[in-house]
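Letter by letter, the chains look like this.
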Amino acid sequence: MLKRSLFVLFALLLLTLPVSAQDGFSVDCGGGTAFDNGVEVQLVQTSNRVTYRATAIGVGDFDPVLAVFDTDGNGTCNDDGEALDGYGVDLPTTGEVGASNLASQLDFEGTGELMSVVVGGFGNATGEFILVIEGLTIEGNESFGGIPVSLNVTAPMVNSGVPLTLYMVSLENSLDTKISKVDGDGATLFDGSTPVECDDAGAASCYGDSQSLDGSAIGMERGSLGSNQFDSMLTLELDNVNLSSDASQNYFNFLLSSFNGEQTGEFVVAFHAAIGAPSGNGGGSNPPPRQGGADATPTPGSGGGNPPPRQGQGGGGTTSGDLPNGMTVECDTGVTFSNGVEVVISQMRSGFTYTATAVGLNGFDPVLAVLDSNGNGLCNDDDANAASYAANLPTTGQVSASNFSSQVRFDQNSSETFADVSLVVGGFGDQTGEFLLILEGMAVTSGDQAGDPFLVGVTQQMLNSGVPLTVYMLTRGTSGVDPYIYMLDGDGNPLQDGSGNDVFCDDAGNSGTCFGDSVQLDNYNVTINTGTLPGWQYDAMLSVPLSAFTFAPDANFLNYMMTSFGDSEGQYLLVFHMGTSN
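Just so it is clear, the structure is predicted and the values come from calculations on it, not from any experiment.

Rules used in this analysis
Residues numbered from 1 in each chain as written. Predicted model: local features only at pLDDT ≥ 70, side-chain atom pairs only at ≥ 80, totals over all residues. Heavy atoms only, no water. Helix = DSSP H or I, 4+ residues; strand = E, 2+ residues; numbered from the N terminus. Buried < 20%, exposed > 50% of the residue type's maximum accessible area, 1.4 Å probe, protein only. Areas by Shrake-Rupley, 256 points an atom, 1.4 Å probe, with all protein chains shown as cover. pLDDT = per-residue confidence, 0-100. Contact = heavy atoms within 4.5 Å. Lys, Arg positive; Asp, Glu negative; His and termini not counted. Salt bridge = Lys/Arg side-chain N within 4 Å of Asp/Glu carboxyl O. Polar contact = N/O pair within 3.5 Å; in protein donor to acceptor, adjacent residues only side chain to side chain. Pairing = 2+ DSSP bridges. Axes fitted to C-alpha atoms, helices over the stretch in contact; angles between N-to-C directions.

### Let's talk about the overall build of the protein
And step 1. Secondary structure assignment for the protein yields three helices and 43 strands.
And step 2. Counting the 582 residues in the protein, one finds 58% classified as buried.
And step 3. Of the roughly 21,700 Å² of accessible surface on the protein, a fraction of 43% belongs to carbon and sulfur atoms.

As structure tokens, this is what we get:
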């Protein structure tokens, strides 16, 4: 009876913390760091006066944020911990994952009660991670015959397609470890006639896919912990899991014990899991038209090779009287510019964190502002966090990292669920030149409807530069999204050229699936703070020369929709290449 009470208790205690059945845990760490896609692991009964250590290590470019809470919801967060050089893994489901300055770590004291460890993605990033927990000991007097832990399975975990794998490794090779999936009474669950448990990984008696851990390792502060043939590995496929709308019913319960309950000793447990895309970014089905949009000059018989006419209208070139020279921004730092180029994220959903970075070409020194619909926001010039950003793209060639690059991390924190957010790039001292605007944190999800709408305010200085407006949409990390960009007219309908061809790009470099001039992106890349993100043959590139458009007064916005081919979902990186000239 005690066993049932304790396992039911840790499911109910979850309700003291904010939970979303779709996305996972929502945690606000303060200081602008928050996530809504957290995966929770519960240590059901921690020991008093014992110090535990939790470390979250991202696979690939995933940037994990770590939080630890007690049953009252009190706790702490960490992002990008210090002195974690020794932390990495070499495990069957991950391969070798080296130390990273993006790993997060927290030490916490046991309370004699339940403690929750939650891992989310910075800016709601998606990807794979390993959660390593130290400080665990089997003493032989546990109520369950071992250490009970629980993991709350979320829809993004299921959608990721990555199995959930637990590793249990003896700290001093004195413990013959064993992992069991259990019910509310602590009894081992069965899949048909097969117990869902693992004693020695790789043995025939071990449930699911496993292999001997002899030769695998978990790196920690004390050094590399080598595993052996008696350590355990339990892998569970998630694609057939049916989740309840009540998140408290979506727990997997595990018992970490020893073979026949005969050994005692310290051990380390590692969880390998993944987070798919969140339930929704972006807003409604179409972006609202901004002052009527813009009209393009028709090119008869172009067959999709030139920018299209807007709503059947044409006309000649654009005069300087039709367009503003740029947007004026006065930063509270004293920096001011009047040649800003505005990119509007239309109807951005609240509760997600994003990173915008401006990188100049050929010595251009960009200043970046992020503004709400009232013109209030943040400015940045020359940010050390952006100094490693670089790119190699078809329209730019090699763009080297620069100390002049600027960066702002932000969220849509208005009182509205959806609101416009403007990213504005100007030149320091009104300098002109070319730049890249890189946006991290976006994702295509089932909740997007038509996709993520963006608007670009075209200025006279952009037109004067002769630089085409080019948008790149790159699959992020292990994401499964197949990027797709299309333009819309002032009424929110797909934009077409004079021959009725849609202005869109699915696979760059393929004239049948991409409008205008484009190049396949599998030999190109963008470097951000998590490393270099390579392009691939399914990424999108949409480039249009601004000289072909005719803009009516106060109608200088071009409308874009970022979505995906088919039903593919996942996180993407968005890059705008633009230029200004006097």
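### Structural notes on the confidence of the model for the protein
And step 1. Per-residue pLDDT for the protein has a mean of 81; in total, 86% of the residues score no lower than 70.
And step 2. This stretch, residues 1–21, has a pLDDT under 50; its non-local contacts, to residues over four places away or in other chains, come to 49 contacts.

### Overview of the side chain of Glu 40
And step 1. By secondary structure assignment, the location of Glu 40 is in strand S3 (residues 33–43).
And step 2. The side chain of Glu 40 sits in the buried core without any salt bridge; Lys 181 is the nearest counter-charge, 15 Å away.
And step 3. Reaching out from Glu 40, the side chain makes a polar contact with the side chain of Tyr 251 at a distance of 2.6 Å.

### Here we look at the pairing of strand S33 (residues 434–444)
And step 1. In terms of residue burial, S33 counts as a mostly covered element, since ten of its eleven residues are buried.
And step 2. With six bridges connecting them, strand S26 (residues 353–360) and S33 associate as antiparallel partners. What sits directly across from Ala 356, in S33, is Leu 439.
And step 3. Bridge analysis of S33 against strand S43 (residues 570–579) gives nine bridges, and the strand direction is antiparallel. What sits directly across from Met 442, in S43, is Tyr 572.

### Quick notes on the sheet that holds strand S31 (residues 406–411)
And step 1. Reading across the sheet, the six strands line up as S31-S26-S33-S43-S35-S40 and stay open at both edges, with antiparallel pairing between neighbours. Where the open sheet ends on each side, the last strands, each with one partner, are S31 and strand S40 (540–544). Each strand axis lies, on average, 15° off the axis of its neighbour in the sheet, ignoring direction.

### As for the sheet that holds strand S30 (residues 397–399)
And step 1. Read from one edge of the open sheet, four strands run S30-S29-S38-S39, paired in antiparallel fashion. Of all strands in the sheet, those bounded by a partner on one side alone are S30 and strand S39 (531–534). Neighbour to neighbour, the strand axes of the sheet diverge by 10° on average, direction disregarded.
And step 2. When strand S38 (residues 525–528) meets S39, the two strands line up antiparallel, connected through four bridges. What sits directly across from Asn 525, in S39, is Pro 534.

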